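The lines below spell out each chain.
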Amino acid sequence: MITNTELENKGNQFPSKIIGFEKDVDKLYFSTDNDVILQLTVVRDSLLRFRYTTVGNFDNDFSYAITKYASTGYNKLEIEENEDCYIVITSKLRCEISKESLRISLFDVKDGVLINEDEIGFHWEESYQYGGNIVKMSKVSNDGESYYGLGDKPNHLNLKGKRYNNWVTDSYAYGKDTDPIYKAIPFYTGLHHDKAYGIFFDNTFKTSFDFAQERRNVTSFWAQGGEMNYYFFYGPKMSDVVESYTDLTGKPHELPPLWALGFHQCKWSYYPESKVKEITSTFRKLEIPCDAIYLDIDYMDGFRCFTWNKEYFPDPKGMVKELKEQGFKTVAIIDPGIKIDKDYSVFKEALEKDYFCKRADGPYMKGKVWPGECYFPDFTNPEVRDWWSGLFKELIEEIGIKGVWNDMNEPAVMEVPNKTFPDDVRHDYDGNPCSHRKAHNVYGMQMARATYQGLKKYSYPKRPFVITRAAYSGTQRYTSTWTGDNVATWEHLWIANIQAQRLAMSGFSFAGSDIGGFAEQPQGELFTRWIQLGVFHPFFRVHSSGDHGDQEPWAFDEDVTDIVRKFIEIRYQLLPYLYTAFYNYADHGTPILKSLVLYDQEDVHTHYRTDEFIFGEQILACPVLEPNAKGRRMYVPRGNWYDYWTDEIVKGGKEMWVDSDIDSMPIFIKEGTVIPKYPIQQYVGEKNIDEITLEIYYKKGKESSELYSDANDGFDYKKGRYSLRTFKLTGRTKELIINQHKEGKFITPYETFKIKVHGLPFEIGEIQIDNEKIPLNHLVSNGTSSFVVDKNFSELHIISK
Ligand code: GLC
């Protein structure tokens, strides 16, 4: 017998010294004595890509994460060389590459501060089992450095001292310490000495990150295969890092239809038809606003995707139409597993066309999911995605379903220990054939992408709406997401808050949790507190497994119903504000939720805060996370803030107690803000909105706010038919001025603004609109002063007596 012990003893291998350098426009190649090549691409002045091979040449360069719309181009690229290193200089960064070791150091080009440096740097181990390498990178972790990001990890926002894996996994009733769960987003932001940078490790194999856990001064990341291939983003502002990452991996291709930002009710499952209608009618009867109702797997015939159980739903088209008349949009679930059934057309077609995933030696990938034994389409094959998108024709065009919910797309497989496909399953990977080890983390993303293509086609001229459970970096281009099967506990309310914030700082803002908890049943108090948090999550849906009792707003007691209604109404009033935040997200990648560190990184108190966050640009929210609370302590960031409920002004930069009984929660508005509000509607489009309220919060000084409007659906806004209004506020001791700047071609249905002024330090003596006085008898005053102005005013002056 021959045993090759020499190979097995190799362990970690390292690049040797640089012996060659070549430049090809924006790509720089550094070759070492032992066949390692570093390809450094200057993507932008503040964005460099590092890619390594150990065999002297690179594989085909293909990524599901990077969008073709990413911005590229730099202002400066100079290369210098000294005895010890090559030096690459852009207008933002100075990157040194050691000739001896290929190690990297990155500096701020302006002040020379070291931002990030390799510890051991790139190294690798040969993978004897699979071929290729386990690729590794280790970096120095600086004193006081903090780490953020990584998608849906359910633990503390600051990742320091923790180790995580990325391998999307069906995780029923996961907890704070469960890892990994549903998403793989290998992107993090590091922050030290007030400088933030980001690292995106674009490798779809199982990846791991160690944030100074194993060794106090080292942060490292590695993958079970593929290339060491990472992007380095420089801020120094954390918000710029997050925007840059979102630009590279993609902003949502469309704004959601406005109704998708309303309230959604879901359960596993509402059936038969009469039950669905009972639920929607109760919403209308109790006047609790709601826009969407969900159909979980029981609407199908034996859990066969794209079929209907005709006993429960004899006339789906008729039902969807009736629901529509009540203002409800119907969303239906679609899973990836296709039931093995020779009489089932979807199965037959996929089989004929050879669209199902296969094991390495030829048999189909067979696995059990809800329908029993299934085969699974290979969504990494573009032809399969096309076919899949076509399957939605009837559901969307004929029946009138308005949104599709993709679940179990990790892909989840039941009754097997690893909960998913075995490693040897083959995938097309868009013409780069590979095993499941490489395709696993993108399988769900590609399913959601195919679904999105279908919805985009058949919903036209309306906008598509998709929701997914599994995701890899870039999935935010196509779909919204939720955080999977959580539990009705107070700890999970904390987790939901963390996950929504973390997803937002990982480029994926359109996210929310199963409100009230999926597994088990909440008490009314927990449900209420969760709804309060949900008001401030971009995706706002109640969902539960159903076998633990009811979870509708009226399933508890009347007090709960009333408080829940009050909070959902706040959401509906804030829709124009949220829509504006969404526009900023879709337009330049600005996260809709900002953890305090993202909002004010200079204030070190924010670095370890978890509960408080900024919703949009100027609303501070903080959920109450404990039972029987009459309030809580929270950190109010620097600046002056108005208490939403009392208009009392609070000076931030400190932790303080805030009263908030069960019918309240801590909400603050930044001074100087102009908040646009809709009237309360039972669903989006119920009312013709001819007036928007502008809540103006006085500030001595300047502040700017925005209001984005368009047709709330459709694609006209992409042709310039939108309206973006900027309100520039200037507050002085004896006057308050609002200048309005308008952009875009959309004629808004609203004609007037109702102005409500909060916190004016003087009594109003005169109001001028574009230099014309308005009679003061138009002024209504009950605590706040309000009056109505034409929407197209340019300058509004409120002057003291
Ligand atoms: C999974 C989903 C859950 C859904 C259930 C039945 O557990 O995460 O949301 O209700 O499957 O489809």
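Values in this document were obtained by computation on a predicted structure and should not be read as measured data.

Calculation criteria
Residues numbered from 1 in each chain as written. Predicted model: local features only at pLDDT ≥ 70, side-chain atom pairs only at ≥ 80, totals over all residues. Heavy atoms only, no water. Helix = DSSP H or I, 4+ residues; strand = E, 2+ residues; numbered from the N terminus. Rg over C-alpha atoms; globule rule 2.2 N^0.38 Å. Buried < 20%, exposed > 50% of the residue type's maximum accessible area, 1.4 Å probe, protein only. Near = heavy atom within 4 Å. Polar contact = N/O pair within 3.5 Å; in protein donor to acceptor, adjacent residues only side chain to side chain. Nonpolar A, V, L, I, M, F, W, Y, C, P; charged D, E, K, R; others polar. UniProt positions renumbered as here; feature names shortened; annotations may be inferred. Pairing = 2+ DSSP bridges. Axes fitted to C-alpha atoms, helices over the stretch in contact; angles between N-to-C directions. Salt bridge = Lys/Arg side-chain N within 4 Å of Asp/Glu carboxyl O. Phe/Tyr/Trp six-rings, centres within 6.5 Å; stacked < 30°, edge-to-face > 60°. Lys NZ or Arg CZ within 6 Å of the ring centre and 35° of its normal. Parallel < 35°, antiparallel > 145°, perpendicular 65-115°, else oblique. Contact = heavy atoms within 4.5 Å. Core = buried A, V, L, I, M, F, W, Y, C linked by side-chain atoms within 4.5 Å.

Caption draft 1: Structural view of the overall build of the protein. Counting its secondary structure elements, the protein contains 13 helices and 52 strands. Expected size for 801 residues packed as a compact globule is a radius of gyration near 28 Å; at 27 Å, the protein falls within 12% of this value. Principal axes of the C-alpha set define a box for the protein whose edges measure 100 × 70 × 50 Å. The buried share of the protein, taken over its 801 residues, is 63%.

Caption draft 2: Geometry of the site of the ligand. W268, D296, I297, I333, W370, W405, D407, R469, W482, D485, F518 and H543 make up every residue found near the ligand. Within the side chain of R469, one N or O atom sits 2.7 Å away from an oxygen atom of the ligand. D485 places a polar side-chain atom, nitrogen or oxygen, 2.5 Å from an oxygen atom of the ligand. When grouped by side-chain class, the residues that make up the shell around the ligand number 7 nonpolar, 1 polar and 4 charged.

Caption draft 3: Broad picture of the UniProt feature "domain: Glycoside hydrolase family 31 N-terminal" (unreviewed entry) in the protein. Here the UniProt-annotated "domain: Glycoside hydrolase family 31 N-terminal" (unreviewed entry) positions come out as residues 38-210. In residues 38-210, the share of helix is 0% and the share of strand is 47%. The end C-alpha atoms are 23 Å apart.

Caption draft 4: Broad picture of the sheet that holds strand β2 (residues 27-32). Strand order in the open sheet formed by 8 strands is β1-β2-β3-β4-β18-β15-β14-β11, and the pairing between neighbours is antiparallel. Both outer strands of the open sheet, β1 (18-24) and β11 (146-149), are each paired with one neighbouring strand and no more. Averaged over all adjacent pairs, the angle separating strand axes in this sheet is 20 degrees, with direction ignored. Bridging between β2 and strand β3 (residues 37-44) involves 5 bridges; their strand directions are antiparallel. From the neighbouring strand, L28 faces β3, where its bridge partner is L40.

Caption draft 5: Broad picture of the sheet that holds strand β33 (residues 540-542). In spatial order, the strands read β31-β30-β28-β25-β21-β20-β19-β33-β32; together these 9 strands make up an open sheet with parallel pairing. For this open sheet the edge positions go to β31 (511-512) and β32 (514-515), each flanked by a neighbour on one side alone. Direction of pairing for strand β19 (residues 263-265) relative to strand β20 (residues 292-295): parallel, over a ladder of 2 bridges. For H264, the partnering residue across the bridge sits in β20 and is A292.

Caption draft 6: Representation of the pattern of salt bridges in the model. In total, this model carries 57 salt bridges according to the counting rule given. Between K368 and E415 there is a salt bridge; the shortest N-O distance is 3.2 Å. Remark: E415 occurs in the loop between β25 (403-406) and β26 (426-427) and K368 occurs in strand β23 (residues 367-369); sequence separation between them is 47 residues. A relative accessible area of 34% places K368 in the partly exposed class. Put simply, K670 and E703 hold a salt bridge, and the shortest N to O gap is 3.5 Å. Of the two residues, K670 sits in strand β41 (residues 667-670) while E703 sits in strand β44 (residues 701-709), which places them 33 residues apart along the sequence. K670 sits in the partly exposed class, given a relative accessible area of 22%. What makes E703 buried here is its relative accessible area of 14%. Put simply, D170, D407, E410, R469 and D485 are held in one network by salt bridges that share partners.

Caption draft 7: Region of the structure containing the packing of aromatic side chains. Taken as a whole and judged by the stated rule, the model has 74 aromatic pairs. Their ring planes at 85 degrees and their centres at 4.8 Å tell us that F62 and Y64 sit as a pair that is edge-to-face. Among the residues examined, F62 registers a relative accessible area of 31% and is labelled partly exposed. On the accessibility criterion, Y64 (3% relative accessible area) is buried. An angle of 80 degrees between the planes, with centres 5.0 Å apart, marks the rings of F306 and F392 as edge-to-face. Here F392 lies in the loop between α6 (382-390) and α7 (393-398) and F306 lies in the loop between β20 and α4 (316-325), a separation of 86 residues in the sequence. Members of the aromatic cluster, joined through ring pairs, are F306, Y355, F376, F379, W387, W388, F392, F421 and Y443. For K438, the ring lying beneath its charged end belongs to Y429, and the centroid distance is 4.8 Å. The ring centre of Y294 lies 5.0 Å from the NZ or CZ of R541, which sits over that ring.

Caption draft 8: Layout of the packing of helix α11 (residues 558-573) against helix α12 (residues 575-588). Running from N to C, α11 and α12 cross one another at 55 degrees; their axes reach a closest spacing of 5 Å. Taken together, the axes of α11 and α12 lie oblique to each other. Mapping the contact onto sequence places R571, Y572 and Q573 in α11 and L575, P576 and L578 in α12. Here the contact of α11 with α12 is built from residues that sort into 4 nonpolar, 1 polar and 1 charged.

Caption draft 9: Seen up close, the nonpolar core. With 192 residues, the main nonpolar core has I334, W388, F392, I531, F536 and F753 as its most contacted residues. I531 has contacts with F263, I515, F540, V542, V564, F567 and I568, leaving out every residue within four places of it along the chain.

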